[in-house]
Amino acid sequence: MGNSSKKQAAKCNFLSKDEQNLVSNSFRFISKNSDRIKEDDLNKLWGSQIDPRLLQYINNYLFGIGEDKQGFVSLSVFAELYVFCTRGTVDEKFKVLLNSLGKSENDTCDLPYSLVKEYVESIVSSFMKIQKVTNGRQYRSWFSKGCFIAPQNIQRLAESLSKDLSVGESITKITLENWLQTCTLLGQLLLYVFNHLYKLSHKDKEKPVDRASISNDDDDAVDRESQSKERSLIPICRGLDLIPSYPSILDLNQIIFMNSNLPQEFQTDWRFLFSSEIHGESFSTLIGRIIDQGPTILVLEDKSGYIFGGFAPENWTLNPKFFGNDSSFLFTLAPRMRIFPSTGYNQHFQYLNLHQHTLPNGLAMGGQHGYCGFWLDSEYGLGHTSESCTTYSGYQQMSGIKEFQYRHLEVWGLGKPPTPSSKLKRGQSNERQIGHPESKALLKMIGRGTHSEGMEEAPPLVHHHN
């Protein structure tokens, strides 16, 4: 069957050369060198890798259901599923969705929302299960530091992916097609899941990398090579090597949700900068650890259990005015996941000030003073979010109550650390901005002088409890 499967794959003109090898090898492996795959054989190989619901949807597509069910599947249908799920058109992905849910293109009835949401949930859940099974470097970098996968966040991520569908009784074909076209993250999850399933037969042919024998630089080179072949949805977690168990509030679903909305150049590395659990509840310490660190993600949990934050694309500096750019966004992670992108209405993206008599002292993103998207007061632990915010589209109040107290705050730097030359430029800019004696004294207190007084000093060392 070895050569015949390759010949059959070559006849599938919708397969590229690489896909012909991948699909024919996978088909030969699962079918045990025969010309057909049985459902039991597929279940034995794929069943341990993915959510049982997705396995059932796949079987529905490949073998049919009810009276139309077949006892086996041919290579052409097996190949079709791979192509449709990894690089299919909207119509092709729509066909997979319908057939997986036991419907056909000829059905006139609309699909229930609950059925579509469960389909999405099975894909998210399968992606997370594959992370555990493969135990790749990105996954390990978070999991080894106490970042887990919570079932409720699988459900929240699935709900956020299907939020553009009506929660009513049923969904029309047009609505589904529009949704499939615009739901980028769902397409990326499908691509990852089906690439993994169809590559299972190649495991014994891939030479493993002995990471213990290579340096950090080589390790990064291996990562870049693997990312060039298939971009990971999970960033590498950096900066926690000296902290054995990190008390993060984030899980992998939330990280993927935030990361997928970042500009692409910031999706590969997250650098740990600040945690109130480790560095203590001090606003000046927070400033000292985030100033001059480039783009950041801020995440906080209020005392009502709401988790939310924002992406700040520009370097944090003490500044009497709002600054930033329109790639900035706010987000909520609990009790539901939502992104609020820029409206373009104003440029009130970032604000940071302290020890001023005539200006508000604290950190803000969005809105205006007294009515911010979110505001963290210089009196640590106090903040507010507004009911509306003109800076961010679709914005809704993010905290449990408007004037809130928060119990956890963490900040992550994105991408590589700023180079000394870029710090120098920012230092010169800050020197012009920071003319107040109080501000200069503050920067000295937190370990950051103005440019002429030591802007190049390293960030404060991490202190943590034993």
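All chains use their own residue numbering, which begins from 1 and follows the written sequence. Note on the predicted model: pLDDT of at least 70 is required for a residue's local features to be given, and 80 or more for side-chain atom pairs to be given and counted; whole-chain, interface and lining totals, by contrast, use all residues. Side-chain measures were taken over the full set of non-hydrogen atoms in the model, leaving aside hydrogen atoms and water.

Trainee: Go over the overall build of the protein with me, naming the residues and quoting the values.
Mentor: Scanning the protein for helices and strands turns up 17 helices and 14 strands. Three exposure classes are used, based on accessible area relative to the maximum for each residue type with a 1.4 Å probe and protein chains only: buried under 20%, partly exposed in between, and exposed over 50%. Within the protein, the proportion of its 466 residues that are buried is 53%. Working rule for contacts: check all heavy atoms of both residues, and any pair within 4.5 Å makes them a contact. Partitioning the contacts of the protein with sequence separation of at least 6, the portion at a separation of at least 24 is 68%. Where helices and strands are cited, they refer to DSSP runs of H or I of at least four residues and of E of at least two residues respectively, numbered from the N terminus.

Trainee: Mind laying out helix α11 (residues 184–199), listing which residues take part and the relevant values?
Mentor: Multiplying 1.5 Å by the helix residue count minus one yields the expected span of that helix. Under the 1.5 Å per step criterion, the end-to-end length of α11 is 23 Å for 16 residues, consistent within 8% with the ideal 22 Å. Within α11, twelve of the 16 residues are buried, which leaves it mostly tucked inside the rest of the structure. Buried within α11 are the following residues: L185, L186, G187, L189, L190, Y192, V193, F194, N195, H196, L197 and Y198.

Trainee: Describe in detail the packing of aromatic side chains, supporting the description with residues and values.
Mentor: What counts as a ring pair is set by centres within 6.5 Å for rings of Phe, Tyr and Trp (its six-membered ring), and what kind of pair is set by the plane angle: stacked under 30 degrees, edge-to-face over 60, tilted for all other angles. The final tally for this structure, using the stated rule, is 25 aromatic pairs. Put simply, the rings of F27, W46, F78, Y82 and Y198 touch in pairs and so form one group of aromatic residues. Sitting over a ring, as applied to charges here, requires NZ of Lys or CZ of Arg to be within 6 Å of the ring centre and within 35 degrees of the ring normal. The ring centre of F72 lies 3.8 Å from the NZ or CZ of R36, which sits over that ring.

Trainee: Describe the pattern of salt bridges, listing the residues and the values that go with them.
Mentor: Any Lys or Arg side-chain nitrogen found within 4 Å of a carboxyl oxygen on Asp or Glu counts as a salt bridge. Under the criterion given, the structure shown has 15 salt bridges. Between E39 and K69 there is a salt bridge, and its shortest N-O distance comes to 3.0 Å. Of this pair, E39 sits in helix α3 (residues 39–46) while K69 sits in the loop between α4 (52–63) and β2 (72–73); the two residues are 30 residues apart in sequence, bridging distant segments of the chain. Take E39: its relative accessible area is 17%, and that puts it in the buried class.

Trainee: Residues and numbers for the side chain of E121, please.
Mentor: Looking at the secondary structure, you find E121 in helix α7 (residues 113–134). The residues touching E121, leaving out its near neighbours within four places in the chain, are R53, I154, Q155 and A158.

Trainee: Got a sec to walk through unusual backbone geometry? Specific residues and values, please.
Mentor: Cis geometry marks the peptide bond from A334 to P335; its omega dihedral reads 10 degrees. Mapping P335 onto the fold places it in the loop between β8 (329–334) and β9 (338–341). The residue K32 is not glycine, and still its phi comes out positive at about 60 degrees. Tracing the backbone shows K32 in the loop between α2 (17–31) and β1 (37–38).

Keep in mind these values describe shape, not function.
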